[in-house]
Amino acid sequence: MSEHVKELLELVENSLSVDGATVKVVDAAKFRKNIGKLVERSALGSDSTVGWSRYLIRAAALELGIYPASIHELYLARGRGDAPMTFTTPAFNLRALSYHAARAMFRAANKINAGAFIFELARSEMSYTAQRPSEYATNILAAAVAEGFVGPVFIQGDHFQVSAKKYTADAQGELKAVRDLSIEAMAAGFFNIDVDTSTLVDISLPTVPEQQKLNCELSAQLSAFIRENEPKGVTISIGGEIGEVGTNNSTEPELRAYMDGYNSEMKKLAPGKPGLSKISVLTGTSHGGTVLADGSIAAVTIAFDVLRDLSRVARKDYGMGGTVQHGASTVAEENFNKFVQNEAIEVHLATNFATMFFDNIPADLKKEMYTWLDVNSAADRKPGMTDEQFYYKTRKNAIGPFKAKSYALPEEAKAKLGAAWEAQFDKLFNLLGMKDTKQQVDKFIPSAKVAPVLANYVKEDVAAEDVSDLSD
């Protein structure tokens, strides 16, 4: 056993034992109490203790009955009419202090026996939050351990997006980047991936099928790649997207053009393999919302009938769970139950939880972060922008650079933030029908407990014999 491993075991008061690549939980209560120390090492360390911390958490979580899972089968059950349309699955992007935010989320879930909720991270967020998939998944699984949650945990790659600009410059290079990210994410426990090639929809073309052609063909190519590389025993939940948020609302002809083209291409590339479990559509929202000069957010009107009508087409004719709503953080709370009423299968929320972070951290840290933005994000200040608009639009860029200082906040400051997040999760879970959804998860989600591969976490100090039995 390396000195680094011994050091980590001492951090958790030897509540774990390690023999080669085999991890055992010796004292679950003691491990739960100390797991945050491994989380901080995972997030802030600079040696092999980073990888070992992540491996120990995932392996110990698995032994405690906590494991990454795909929501694919539950969504398909919804498509068949076997699962009730009494809930909309929330997918949360936790950008800052994601371990602490996830703990608040699990606390809210435990109160009402909720199970159908997702933790997600977008390709773009990985950079400015300084969280790669392995770190993010570690934070989520550790939070489940700390809060005594048991069962499948849904971790999702949100907007694994092909950049139109990069695709134009180097198509194969950009597609390879998304494929490589998918491999990295699946190894970390991201068993749900939203493939987003909607950036390549070309509305200048004369017909809808022509407009969607590149989008659906590349979506199918990336889906086939995921199917070829997904873990044994797991069917990754894959989502597709008709178009980017913030433009014209989606239509039935667009959905049909995309799905018909996608399914045709999948039959060629991956015959007999499952396709999509859901489809993202446009309903009038935008990521982050529109910030007004005084810093407030403009009211948004969602075309809920689009969600309802296209969900029905998605289920009836294509066997999917339904439609997905992106950019919902700025929707008025009193409207959240309308996602359930209008049969949306999933709703994505991110911005409001980042806003709550900035609203609840100590004033001196917030001032320091904003001063950093004045220098490092100055190029993003557009003519006529007020300070409120500038900071609202750019403050996400400070999350990664100030990650260590966020972890170093006094415990009372983190507790205040956690309580605020928990209250918001309580409210949203209620509005979205999360109560007792763990029953649906237990009914439809296979118990495919994929063992972590040590070599994916630790590159040094790992003998070949330590990992030979963990290939599946």
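Computed from a predicted model, the values in this text were never measured in an experiment. (Residues numbered from 1 in each chain as written. Predicted model: local features only at pLDDT ≥ 70, side-chain atom pairs only at ≥ 80, totals over all residues. Heavy atoms only, no water.)

Looking at the pairing of strand E6 (residues 151–161)
- When you tally the buried positions in E6, you get 10 out of 11 residues, the bulk of the element.
- Where strand E3 (residues 66–69) meets E6, four bridges bridge the pair, whose relative direction is parallel. The residue bridging Pro68 from the neighbouring strand is Val153, located in E6.
- As defined by bridge partners, strand E5 (residues 118–122) adjoins E6 across five bridges and the pair is classed as parallel. Pairing of Ala122 across the sheet is with Asp158, part of E6.
- One ladder, built from four bridges, connects E6 with strand E7 (residues 192–196); its direction is parallel. (Buried < 20%, exposed > 50% of the residue type's maximum accessible area, 1.4 Å probe, protein only. Helix = DSSP H or I, 4+ residues; strand = E, 2+ residues; numbered from the N terminus. Pairing = 2+ DSSP bridges.)

Let's talk about the packing of aromatic side chains
- Per the stated rule, a full pass over the model turns up 22 aromatic pairs.
- Taken together through their ring pairs, the aromatic side chains of Phe92, Phe106, Phe117, Phe119, Phe149, Phe353, Phe425 and Phe429 make up a single cluster.
- The ring centre of Phe390 lies 4.1 Å from the NZ or CZ of Arg381, which sits over that ring. (Phe/Tyr/Trp six-rings, centres within 6.5 Å; stacked < 30°, edge-to-face > 60°. Lys NZ or Arg CZ within 6 Å of the ring centre and 35° of its normal.)

Notes on the packing of helix H11 (residues 252–269) against helix H12 (residues 304–318)
- Interaxial distance between H11 and H12 falls to 10 Å at its minimum, and their mutual angle equals 30 degrees. It follows that H11 is roughly parallel to H12 by the angle criterion. The way H11 lies across H12 gives a crossing that is right-handed. Here H11 contributes Glu252, Leu255, Arg256, Met259, Asp260 and Asn263 to the contact with H12, which in turn contributes Leu310, Val313, Asp317 and Tyr318. (Axes fitted to C-alpha atoms, helices over the stretch in contact; angles between N-to-C directions. Parallel < 35°, antiparallel > 145°, perpendicular 65-115°, else oblique. Left-handed = near helix turned anticlockwise from the far one by under 90°. Contact = heavy atoms within 4.5 Å.)

Brief notes about the pairing of strand E2 (residues 22–25)
- Burial of the side chains of E2 is restricted to one face: Val23 and Val25 are buried, whereas none of Thr22 and Lys24 on the reverse face is.
- Counting the residues between successive antiparallel strands, the hairpin from strand E1 (residues 16–19) to E2 contains two residues, one of them, Gly20, with a positive phi of roughly 65 degrees.

Description of the environment of Phe149
- Following the sequence through the fold, Phe149 ends up in the loop between helix H7 (133–146) and E6.
- Taking the C-alpha atoms as reference, Phe149 lies 7.4 Å from Ile66; in sequence the two are 83 residues apart.
- Here Phe149 is in contact with Ile66, Phe106, Asn110, Ala114, Phe117, Ala144 and Lys438, once residues within four sequence places are set aside.

Brief notes about the environment of His100
- Inspection of the secondary structure puts His100 in helix H5 (residues 98–112).
- Residue His100 is classed as buried on the basis of its relative accessible area, which comes to 16%.
- Those residues in contact with His100 that sit more than four places away from it in its chain are Tyr407, Lys414 and Trp421.

Some words on the side chain of Thr129
- Mapped onto the secondary structure, Thr129 falls in the loop between helix H6 (123–128) and H7.
- Accessibility expressed as a relative area gives 1% for Thr129, which makes it buried.
- Polar contacts involving the side chain of Thr129 include one to the main-chain carbonyl oxygen of Glu125, which spans 2.7 Å. (Polar contact = N/O pair within 3.5 Å; in protein donor to acceptor, adjacent residues only side chain to side chain.)

Here we look at the confidence of the model for the protein chain
- For the protein chain, per-residue confidence averages 92 on the pLDDT scale, and 93% of positions sit at 70 or higher.
- Note that residues 461–472 has pLDDT below 50 and, in this model, 19 contacts with residues that lie over four places away or in other chains. (pLDDT = per-residue confidence, 0-100.)

So, helix H10 (residues 208–229)
- Relative to the 32 Å expected for 22 residues at 1.5 Å per residue, H10 spans 32 Å between its end C-alpha atoms, a close match to the ideal helical length.
- The axis of H10 is deflected most strongly, by about 35 degrees, at Leu214. (Expected span 1.5 Å × (residues − 1). Bend = angle between axes of the 7 residues up to and from the residue.)

A word on the environment of Glu135
- What makes Glu135 buried here is its relative accessible area of 4%.
- Along the chain, Glu135 and Arg227 lie 92 residues apart, while their C-alpha atoms are 24 Å from each other.
- Not counting residues up to four positions away in its chain, the partners in contact with Glu135 are Ser42, Ala43, Arg54, Ala130 and Lys403.

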